[in-house]
Amino acid sequence: MNIFDLIIKNKETVALSDVILDKENSASIRQLIKEHSYADELAKYGLPVNNKVLLYGSSGCGKTMTAKAIAGALGKNILILNLSNIVCSRIGETSQNIQQVFDKAAKEKAVLFLDEFDQIGKTRGNGVQDVEEMRRLVNTLIQLIDYFPSYALLICATNFPEIIDVALMRRFQLRIGYEMPPTEILDGYYDKLLAAMPEQYQDIPRKYDISFAEARDYAFTLVKSLLIEELEQNKKLQQHE
């Protein structure tokens, strides 16, 4: 397996303003961006930048978009890797694969985004050998994180922070939680999504208690259905003329 074939090549440009964040998360991320923008100046005072970040919480609430927006704001390339795609039965091979990706990100001074970070914890087995192999993998990951250079940025994402090894959790200088958006935030998101649609499709029924990703899929599917229905009606009228 060529590990670099599994790295997602991001072509989507995401502005920080496109990511819907609460005030606390927004302030944390803007501070992170400013730190990296003034890294040289901070270094003169012996102040290191935070470059190990954990995004955790509900699926579809903006973790991946946040990582892309941070990379865009810093003008850095982003390497996206889903850990579930590289964890294999041969733990040694998994360690080598992860190390190669870390080395590539460091060399390119890039943002390394590891999605489904909890997969490291989920690979634990019941046998003593499985546990020992998993410990070696975690130790390898700890070392890679510890020696990851400050001029690059590591962002990890998980829906299940509770199953991540405690020693790994301590490595993250910044931890940002994501929750299901409340009604008023979702309404604002719906307004933004539907503003680009024809006026007759903007007043659609809205679903709540769902993630941003689910709201987007729901709204677009409903609008497409209404649009197709109108096109079919127009087609029938033309056929009867």
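Residues numbered from 1 in each chain as written. Predicted model: local features only at pLDDT ≥ 70, side-chain atom pairs only at ≥ 80, totals over all residues. Heavy atoms only, no water.

What the chain contains, in helices and strands, is nine helices and six strands. Within the span of the chain, comprising 241 residues, buried residues form 39% of the whole. Partitioning the contacts of the chain with sequence separation of at least 6, the portion at a separation of at least 24 is 77%. A total of about 13900 Å² of accessible surface is found on the chain, and carbon and sulfur atoms cover 49% of it. (Helix = DSSP H or I, 4+ residues; strand = E, 2+ residues; numbered from the N terminus. Buried < 20%, exposed > 50% of the residue type's maximum accessible area, 1.4 Å probe, protein only. Contact = heavy atoms within 4.5 Å. Areas by Shrake-Rupley, 256 points an atom, 1.4 Å probe, with all protein chains shown as cover.)

Another aspect to go through is the side chain of Asn51. Inspection of the secondary structure assignment puts Asn51 in the loop between α2 (39-43) and β2 (52-57). With residues near it in sequence (within four places) discarded, Asn51 still touches His36, Phe148, Pro149, Ser150, Ala152, Leu153, Leu154 and Gln173.

Let's shift gears to unusual backbone geometry. Among all residues except glycine, the phi angle is most often negative; among peptide bonds, the trans geometry is most common. The backbone of Glu116 shows a phi angle near 55°, a positive value even though the residue is not glycine. Inspection of the secondary structure puts Glu116 in the loop between β4 (111-115) and α5 (119-122).

For the rest of this paragraph, the subject is the environment of Arg135. Within the secondary structure, Arg135 sits in helix α6 (residues 128-146). Under the relative-accessibility criterion, Arg135 is labelled partly exposed at 45%. With 30 residues separating them in the primary sequence, Arg135 and Asp165 have C-alpha atoms 9.6 Å apart.

Formed by 31 residues in total, the largest nonpolar core has its most connected members in Ile98, Phe102, Leu112, Leu114, Phe117, Ile120 and Leu168. Sorting elements by how many residues they give to this core places α6 first, with seven residues. Discounting residues that sit within four places of it in the chain, Leu112 has contacts with Leu79, Val101, Phe102, Ala105, Phe148, Leu153, Leu154 and Ile155. Counting 24 residues, the second largest nonpolar core, distinct from the first, contains Val53, Leu74, Val111 and Leu174. (Core = buried A, V, L, I, M, F, W, Y, C linked by side-chain atoms within 4.5 Å.)

Counted under the stated rule, the structure contains four aromatic pairs. Taking 5.4 Å as the distance between ring centres and 80° as the angle between the ring planes, the aromatic pair formed by Phe102 and Phe148 counts as edge-to-face. With Phe102 in helix α4 (residues 91-108) and Phe148 in the loop between α6 and β5 (153-158), this pair connects stretches of sequence that are 46 residues apart. Centroid distance Tyr190 to Tyr208: 6.3 Å. Interplanar angle 85°. Geometry classified as edge-to-face. (Phe/Tyr/Trp six-rings, centres within 6.5 Å; stacked < 30°, edge-to-face > 60°.)

So, on to the pattern of salt bridges. The tally for this structure, following the rule as stated, stands at five salt bridges. When the shortest N-O distance is used, the salt bridge between Glu108 and Lys104 registers 2.7 Å. Linking Glu108 with Lys104, this pair stays in helix α4, spanning four residues, or about one helical turn. What makes Glu108 partly exposed here is its relative accessible area of 36%. The salt bridge partner of Arg171 is Asp146, with a shortest N-O separation of 3.0 Å. (Salt bridge = Lys/Arg side-chain N within 4 Å of Asp/Glu carboxyl O.)

For the chain, the mean per-residue pLDDT works out to 88, and 89% of the residues sit at or above 70. For the chain, per-element mean pLDDT is lowest for α5, which scores 68, and highest for β5, which scores 97. Ignoring residues within four places in sequence, the model shows residues 123-128, a span with pLDDT below 50, making six contacts including any to other chains. (pLDDT = per-residue confidence, 0-100.)

The next subject is the pairing of β5. Where burial is concerned, most of β5 is hidden: six out of the six residues are buried. Of the two faces of β5, the one holding Leu153, Ile155 and Ala157 and the one holding Leu154, Cys156 and Thr158 are both buried throughout. By the bridge criterion, five bridges tie β2 to β5 in an arrangement that is parallel. Among the inter-strand pairings, Leu55 is bridged to a residue of β5, identified as Ala157. In this sheet, β5 lies alongside β4 in parallel orientation, the contact comprising four bridges. Note that in β5 the partner of Leu114 across the bridge is Cys156. (Pairing = 2+ DSSP bridges.)

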